[in-house]
Amino acid sequence: SKDAGGGVFHAYEPKLHAEAEERRLLEMALRTALERGELHLAYQPVVDAGTGQLTGFEALLRWHSAEFGNVSPAKFIPLAEEARLIAPIGAWVVRTACAEAARWPGHVRVAVNVSPDQLQDAGFVTTVTQALATTGLPAERLELEVTESVFMHEGTGAVRVLERLLDLGVRLSLDDFGTGYSSLGYLSRTRFSSIKIDRSFVQAAAKGEREALAIIRAVVALARSLGMATTAEGVETQAEHRMVEELGCTKVQGYFFGRPLPVEEARALANRRIAH
Ligand code: C2E
Ligand code: CA
Ligand code: CA
Ligand code: CA
């Protein structure tokens, strides 16, 4: 450091350096993760809040690295975005999820997370079109989850890509609603099928925080008036299930109903007859 004074920054440098080095190594490993077969998808059940019936699964990316072991998506997805790896990885996710969902009964949907960066490229429309054609999955059984941040930079082309995806017949969900950008104008301009209420609101409301309860109520009312469903995320207990159901959420997802499952377990669950 050029800090000739007290040298107070010196103590931090080795740590910063180690972090940068770890990121560099992680990024290098991520570059070859796809071709080395280190990525796979886990499938978390989404159920109807009223009946408890399975309506679909959310596909969640997992990375088991030869060098680093299991790396959390919270860590490697942002890295993939920065390293411009999210497009090829995201395309693989779409193809893999569609191929798997084509083996489930017709009422079971698959939801796939899409990064804002993927929507900057019209090539993503081709990826989705080809995945549907190759697997034979009807478009309405594919749900794409996007976050509000997509609308932060208007005129970037993402909205046009979303329109083209809607034209294919796929559904859009608004993920992590309420955690980001706060303009609501885009809700009336882009046709979403559902809004996903972030786990942070569900948790806070379950603890009795009145603001969180008020927000969930308002989101449910807003979604209803726009003809959209609402999915409560991160429901971990029966009490939370009861609460979000009473608040009018139409779908629920969380550890209480099932953790993200290995592909074979999800397939077995999808094909199980519902006992009444
Ligand atoms: P997300 O889309 O909000 O996904 C929900 C996250 O909450 C998942 O974490 C899931 O495992 C976790 N979760 C579900 N139910 C519960 C619960 O009851 N309690 C708690 N504590 N957590 C619960 P995960 O799998 O670690 O994924 C983290 C994030 O990484 C996702 O958040 C999503 O933003 C991103 N992600 C995952 N897969 C993909 C992908 O294929 N593409 C992109 N672009 N992003 C992905
Ligand atoms: Ca999601
Ligand atoms: Ca979410
Ligand atoms: Ca989230």
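Every value quoted in this text rests on a predicted model; they were computed, and no experiment measured them. (Residues numbered from 1 in each chain as written. Chains lettered and ligands numbered in written order. Predicted model: local features only at pLDDT ≥ 70, side-chain atom pairs only at ≥ 80, totals over all residues. Heavy atoms only, no water.)

Turning to the overall build of the protein, a few remarks are in order. When you go through the protein residue by residue, the secondary structure sums to 10 helices and 9 strands. For 276 residues, the compact-globule estimate of 2.2 N^0.38 gives 19 Å, and the C-alpha radius of gyration of the protein, at 20 Å, lies within 12% of that figure. Going through the 276 residues of the protein one by one, you find that 44% of them count as buried. Once local pairs closer than 6 in sequence are excluded, the contacts in the protein between residues at least 24 apart make up 67%. Taking the average location of the 30 positive side-chain charges in the protein and that of its 35 negative ones, the two points are 4 Å from each other. (Helix = DSSP H or I, 4+ residues; strand = E, 2+ residues; numbered from the N terminus. Rg over C-alpha atoms; globule rule 2.2 N^0.38 Å. Buried < 20%, exposed > 50% of the residue type's maximum accessible area, 1.4 Å probe, protein only. Contact = heavy atoms within 4.5 Å. Lys, Arg positive; Asp, Glu negative; His and termini not counted. Charge placed at Lys NZ, Arg CZ, Asp CG, Glu CD.)

Attention shifts here to unusual backbone geometry. With phi around 60°, Arg84 is a residue other than glycine that occupies positive phi space. Checked against the element boundaries, Arg84 lands in the loop between α2 (73-82) and α3 (86-101). If you check the backbone angles, Asp176 has positive phi at about 50° while not being a glycine. Assignment of secondary structure puts Asp176 in strand β6 (residues 171-177).

The next thing to look at is the coordination of the calcium ion (ligand 3). Protein-derived coordination of the calcium ion (ligand 3) comes from Asp175 (OD), Asp176 (OD), Glu233 (OE) and Glu233 (OE), at a distance range of 2.3 to 2.5 Å. In primary-sequence terms, the residues that donate to the calcium ion (ligand 3) follow D-D-x56-E. Taken as a pair, the calcium ion (ligand 3) and the calcium ion (ligand 2) show a spacing of 3.8 Å, with Asp175 coordinating each metal. Highlighted residues: Asp176 in strand β6 and Glu233 in the loop between β8 (229-232) and α9 (238-246), separated in sequence by 57 residues. With a relative accessible area of 24%, Asp176 lands in the partly exposed category. (Donors = N, O, S within 2.8 Å, 3.2 Å for Na, K, Ca; no water.)

A few words on the site of ligand 1. Around ligand 1, the surrounding shell holds 20 residues, and the nearest of these are Gln44, Arg62, Ser115, Glu236 and Tyr255. Here Ser115 contributes a side-chain N or O atom positioned 2.9 Å from a nitrogen atom of ligand 1. Tyr255 is positioned such that a nitrogen or oxygen atom in its backbone is 2.8 Å from an oxygen atom of ligand 1. Burial of ligand 1 by the surrounding chains reaches 80%, relative to a free accessible area of 800 Å². (Near = heavy atom within 4 Å. Polar contact = N/O pair within 3.5 Å; in protein donor to acceptor, adjacent residues only side chain to side chain. Areas by Shrake-Rupley, 256 points an atom, 1.4 Å probe, with all protein chains shown as cover.)

Going residue by residue along β8, you find Ala229 and Thr231 tucked away on one face and Thr230 and Ala232 tucked away on the opposite face as well. When strand β7 (residues 194-197) meets β8, the two strands line up parallel, connected through 4 bridges. Looking at β8, one finds that Ser194 is bridged to Ala229. Sheet analysis places β8 next to strand β9 (residues 251-252), joined by 2 bridges and oriented parallel. In the strand pairing of β9, Ala232 is matched with Val252. In this fold, the crossover linking β8 to β9 by way of α9 has right-handed handedness. (Pairing = 2+ DSSP bridges. Right-handed = clockwise from strand over helix to strand, strands pointing away.)

Right, let's get into the environment of Glu143. In this fold, Glu143 is placed in strand β5 (residues 142-147). Classification of Glu143 as buried rests on a relative accessible area of 8%. In this structure the C-alpha to C-alpha distance between Glu143 and Thr250, which are 107 residues apart in sequence, comes to 16 Å. With residues up to four places along the chain from it excluded, the contact list for Glu143 reads Arg109, Val110, Ala111, Val112, Arg171, Ser173, Ser194 and Lys251. Separated by 2.9 Å, the side chains of Glu143 and Ser173 make a polar contact.

Ideal values for angles at a metal depend on the geometry: 109.5 degrees with four tetrahedral donors, 90 or 180 degrees with six octahedral donors. Asp176 (OD) and Asp198 (OD) make up the full set of protein donors to the calcium ion (ligand 4), lying at 2.7 to 3.0 Å. Between the calcium ion (ligand 4) and the calcium ion (ligand 3), a spacing of 3.3 Å is present, and a bridge between the two is formed by Asp176. Here the residue Asp176 occupies a position in strand β6, and Asp198 occupies one in the loop between β7 and α7 (199-206), the gap between them amounting to 22 residues. For Asp198, a relative accessible area of 16% puts it in the buried group.

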